[in-house]
Amino acid sequence: MDSGDDITAATRAKATQIQSQYGLPYSVALSVARGRSELSIAVERYRELIDEIEWTKGFKYVPGVFTPRWDMDPSRYYLSRDGMAIGTFATTYPSLDLLRVQLAELMPKLHFSSSRAETPLQQWEERDKTRRLGYRWHLGRAVSPPLLNVYSASEIAIAGGMHRVHLAFAEGAQTIPALVETKDAAAIHVLLPNAIPWV
């Protein structure tokens, strides 16, 4: 949750206005007011969350019911970092490569912070982002690819899109698209020798 002494009264007032106008939770409105989230994405996700909660009430999850769908439009790659502001994403990740990654090769290389101890069913029941992603795929909507980075000489971390990787794996996907920083591409290929450009 956003808080701190660095938040000005003007920013708080703007957050209150956004909250009132769009019906967003204050913490989300404050993130938008501080420029940390895109307003259109925040509104879309909050409305989707309300719909997803209603849909989930009558849905019993069994692995294999969704088809992972991916949005390959570079103009929306910033969504790989959970709605990071476009300008911040462009500055942080100035050059990205899109790879086709084999999940059987990726999963054993994940750092523990990017791994999941729960079963797919436990993830579904305990992680709201997993349910939200499943709802998007249920509707046939695509999501941006996950973003990977090199954690160490033997491990990879998921910098963005952890739920996407794990739900795709639970759904039986063999490969997924994944973004990597161009400067890390050589190191990624050492860890994932079967990764190839996504075409």
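## A short note on the sheet that holds strand E1 (residues 96-102)
(1) Moving on: Within the open sheet, the five strands sit side by side as E3-E2-E4-E1-E5. Their pairing is mixed. Of all the strands in the sheet, just strand E3 (156-160) and strand E5 (196-197) have a single pairing partner and so form its edges.
(2) Moving on: Sitting on the sheet, helix H8 (residues 162-170) touches E3 and strand E4 (175-181), and the angle it makes with E3 is about 115°.

## Considerations on the packing of helix H7 (residues 128-138) against H8
(1) Moving on: Interhelical geometry of H7 versus H8 gives an angle of 65° and a closest axis separation of 10 Å. Taken together, the axes of H7 and H8 are roughly perpendicular relative to one another. Pair H7 / H8 crosses with right-handed handedness. On the side of H7, the interface is formed by Lys 129, Thr 130, Leu 133, Gly 134 and Trp 137, while H8 contributes His 163, Arg 164, Leu 167 and Ala 168.
(2) Moving on: Counted by class, the contact of H7 with H8 contains four nonpolar, three polar and two charged residues.

## Re the packing of aromatic side chains
(1) Moving on: Scanning the model with the defined rule gives 11 aromatic pairs in all.
(2) Moving on: Considering the side-chain rings of Tyr 61 and Trp 124, the 4.7 Å spacing of their centres and the 15° angle between planes classify their relative orientation as stacked. A residue pair is termed long-range when its members are at least 10 positions apart, and Tyr 61 in the loop between helix H3 (39-57) and helix H4 (86-92) and Trp 124 in helix H6 (residues 120-126) qualify at 63 residues.
(3) Moving on: Among the aromatic residues, ring-to-ring pairing joins Trp 55, Phe 59, Tyr 61, Phe 66, Trp 124 and Tyr 135 into one connected group.

## Some details on empty space enclosed by the protein
(1) Moving on: In this structure the tally under the stated criterion is one cavity of 30 Å³ or more.
(2) Moving on: Space inside the largest cavity adds up to approximately 30 Å³.
(3) Moving on: Taken together, Tyr 61, Pro 120, Gln 123, Thr 130, His 166, Leu 167 and Ala 170 form the lining of the largest cavity.
(4) Moving on: Looking at the lining of the largest cavity, the elements that each hand over two or more residues are H6 and H8.
(5) Moving on: A per-element tally of the lining of the largest cavity places H8 first, with three residues.
(6) Moving on: Across the lining of the largest cavity, the residue classes tally to four nonpolar, three polar and no charged.

## Some points on the nonpolar core
(1) Moving on: Val 101, Leu 106, Trp 137, Ile 156, Ile 176 and Leu 192 are the most contacted members of the largest nonpolar core, which has 32 residues in total.
(2) Moving on: The set of elements that each furnish at least two residues to this core consists of E1, helix H5 (103-106), H7, E3, H8, E4 and helix H9 (185-191).
(3) Moving on: If one sorts the elements of this core by residue count, H8 sits on top with five residues.
(4) Moving on: Contact partners of Leu 106, with chain neighbours within four places excluded, come to Val 101, Leu 148, Ile 156, Val 165, Ile 176 and Leu 192.

## Some details on the pairing of E4
Each regular strand carries side chains that alternate between the two faces of the sheet.
(1) Moving on: For E4, the tally of buried residues reaches six of seven residues, placing the bulk of the element in the interior.
(2) Moving on: In this structure, E1 lies alongside E4, joined through seven bridges in antiparallel fashion. Considered in E4, the bridge of Gln 102 is made with Thr 175.
(3) Moving on: In terms of strand pairing, strand E2 (residues 147-150) meets E4 through two bridges, oriented parallel. Opposite Leu 148, over in E4, you have Val 180 as the bridge partner.

## A word on the side chain of Gln 123
(1) Moving on: Relative to the assigned elements, Gln 123 resides in helix H6.
(2) Moving on: Overall, Gln 123 belongs to the buried group, its relative accessible area being 8%.
(3) Moving on: A polar contact is formed between the side chain of Gln 123 and the backbone oxygen of Glu 118, at a distance of 3.3 Å.
(4) Moving on: Discounting chain neighbours no more than four positions away, the residues touching Gln 123 are Arg 116, Glu 118, Thr 130 and His 166.

## Description of H3
(1) Moving on: Taking 1.5 Å per residue as the helical rise, H3 with its 19 residues ought to reach 27 Å, and the 28 Å between its terminal C-alpha atoms agrees with that figure.
(2) Moving on: Where H3 is concerned, the buried positions are Ile 41, Ala 42, Val 43, Glu 48, Glu 52, Trp 55 and Thr 56.
(3) Moving on: For H3, the secondary structure elements touched by its buried residues are helix H1 (9-22), helix H2 (26-33), H6 and H7.

Criteria and thresholds
- Residues numbered from 1 in each chain as written.
- Predicted model: local features only at pLDDT ≥ 70, side-chain atom pairs only at ≥ 80, totals over all residues.
- Heavy atoms only, no water.
- Pairing = 2+ DSSP bridges.
- Helix = DSSP H or I, 4+ residues; strand = E, 2+ residues; numbered from the N terminus.
- Contact = heavy atoms within 4.5 Å.
- Axes fitted to C-alpha atoms, helices over the stretch in contact; angles between N-to-C directions.
- Parallel < 35°, antiparallel > 145°, perpendicular 65-115°, else oblique.
- Left-handed = near helix turned anticlockwise from the far one by under 90°.
- Nonpolar A, V, L, I, M, F, W, Y, C, P; charged D, E, K, R; others polar.
- Phe/Tyr/Trp six-rings, centres within 6.5 Å; stacked < 30°, edge-to-face > 60°.
- 1 Å grid on protein atoms, 1.4 Å probe; cavity = no way out; pocket = protein on both sides within 12 Å on 5 of 7 lines; lining within 4 Å.
- Points joined across faces, edges and corners; volume = space filled by probe spheres on them.
- Core = buried A, V, L, I, M, F, W, Y, C linked by side-chain atoms within 4.5 Å.
- Buried < 20%, exposed > 50% of the residue type's maximum accessible area, 1.4 Å probe, protein only.
- Polar contact = N/O pair within 3.5 Å; in protein donor to acceptor, adjacent residues only side chain to side chain.
- Expected span 1.5 Å × (residues − 1).

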